[in-house]
Amino acid sequence: NISSALDIVSFLEQNNGKLIINVAVDAVGHTLAEFDNYARMRLTGELDPEGTHLYMGPDEERAKTIASLYGEALFPLIFLSPLAPEMVRSIALFRPDLTVDVGISSSKVAPMAGKTEIVEVSSDGYTSYRTSIQGLLDDTTAYYRRKLATQDQNPLHRQLPLIEELEDFIDAKGKPLALIQIKDEESSASPEASNAETYMPALEYLKDQGYHLVQVGREHHPQIFSKFGVVDYANCPLASFTNDFCLFSNASVCLFGPSGVSYFAEIMEKPFVLTNSWWIPAAPFSAKAVIIPALAKSRSDGELINFRDQLNLQLNSSVYFPIEEYEIVNPDADDILAAMKECLELDKKTQPLNESQQDFKKLAANTPSGLSLSRVSADFLERYKQLL
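Below is a short write-up of the structure. Quantities reported herein were computed from a predicted structural model and do not represent experimental measurements. (Residues numbered from 1 in each chain as written. Predicted model: local features only at pLDDT ≥ 70, side-chain atom pairs only at ≥ 80, totals over all residues. Heavy atoms only, no water.)

1. Side note on the sheet that holds strand β12 (residues 272-275)
Strands sit in the order β10-β9-β8-β11-β12-β13-β16 across an open sheet of 7 strands; the sheet is parallel. Only two strands of the sheet have a single neighbouring strand rather than two, namely β10 (231-232) and β16 (375-376). Summarising the sheet, β12 and strand β13 (residues 289-292) pair through 4 bridges and their orientation is parallel. Residue pairing in the sheet places Phe272 in a bridge with Ala289 of β13. (Pairing = 2+ DSSP bridges. Helix = DSSP H or I, 4+ residues; strand = E, 2+ residues; numbered from the N terminus.)

2. Describing the packing of helix α7 (residues 200-208) against helix α11 (residues 333-348)
Between α7 and α11, the shortest axis-to-axis distance is 7 Å and the interhelical angle comes to 35 degrees. Residue-level contacts link Pro201, Ala202, Tyr205 and Leu206 of α7 to Ala333, Ile336, Leu337, Met340, Lys341 and Leu344 of α11. Considered class by class, the residues forming the contact of α7 with α11 number 9 nonpolar, no polar and 1 charged. (Axes fitted to C-alpha atoms, helices over the stretch in contact; angles between N-to-C directions. Contact = heavy atoms within 4.5 Å. Nonpolar A, V, L, I, M, F, W, Y, C, P; charged D, E, K, R; others polar.)

3. Remarks on the pairing of β13
Side chains Ala289 and Ile291 project from β13 onto one buried face, and the interleaved Val290 and Ile292 project onto a second face that is buried too. Taken together, the 2 bridges between β13 and β16 define a ladder with parallel strand orientation. The residue of β16 that forms the bridge with Ile291 is Val376. (Buried < 20%, exposed > 50% of the residue type's maximum accessible area, 1.4 Å probe, protein only.)

4. Some words on the pattern of salt bridges
Pairing between side chains of opposite charge can happen when the charged atoms of each approach one another. The final tally for this structure, using the stated rule, is 16 salt bridges. For Lys64, the salt bridge identified is with Asp59, shortest N-O distance 3.9 Å. Given the relative accessible area of 43%, Asp59 is considered partly exposed. A salt bridge links Lys115 to Asp101; the nearest nitrogen and oxygen atoms lie 3.7 Å apart. Taken together, the residues Lys115 in the loop between β5 (107-108) and β6 (116-121) and Asp101 in strand β4 (residues 99-101) connect sequence positions 14 residues apart. Classification of Lys115 as partly exposed rests on a relative accessible area of 29%. (Salt bridge = Lys/Arg side-chain N within 4 Å of Asp/Glu carboxyl O.)

By themselves, these are just geometric observations and shouldn't be taken as functional.
Here's what the structure looks like:
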């Protein structure tokens, strides 16, 4: 019987509930991380586990998939409607005490006390609110602390079967699945598309090890991938948010470009390599993740800046790479191959961080990366030891 924002307010007040806000369902990484953040707030007791909390969102694929897969196990109540975002906005503006911010991006639906730094009015009259870089990192740090406190639980993990049509399309014939994602456009994590050539030695190695290769995400399919028979799920009619969950649930290992798609591997507890991302203050949390960061080369003197300077550059600029002053230097084919080998070995037996990996972790001690359990590729750090 919801017909207005006032009905929601009344319901929350009567049921000791909170309205979950700042879930960015337009970005897959944020969708997964922010719902996970909410679930862990319940586990830590920051949210009353008995309260009737409410998620309201647009009636679209990702929100409907989350509702279908997790339902009451995750949310006491879900309300999806084209009207929901505007109702959420109204409540967040006028009754912030009834909301809980689970977002880990700088974009917010309403002012956040002590966080909001930028207020902008768009041409259509809407006001948007953004936090500072430090606000974004503070939100991510709080999320990582929750993940550390609830390591023995994974509220979004599911073992899901592949539907018959999808299983036939992939045609894995019982082989372990290696899921491949490549970024084909610029993003906040990288100012340029990934080079498919740099993936090839790692793909060949996976193929030789008996893995069946499937491209995930929604990027175009590089023709060069056909050399190793990479199945193009990313562009097939079966590609859907639901089938993404099913694929990652059945994966054995993953290789990602700088993309939020990597959060699927996080929640499904799969080993993975993340390459080409310059954004090192917020590395993946997972202990099964091996990272190969992109580097920054000064346009003025042609020199690579060291890791500490790169970190400070990020903390004092924006999430986007400062392309006017620096050139991006992505990992090469040897870097990606070495990281994949390290990842597969790590999946067999957990190894302690070596000295260089520990040194890198210390550099990022005051960022979310300092709390994460992931590691930068040992070979990569050996190659660029001078940057430490």
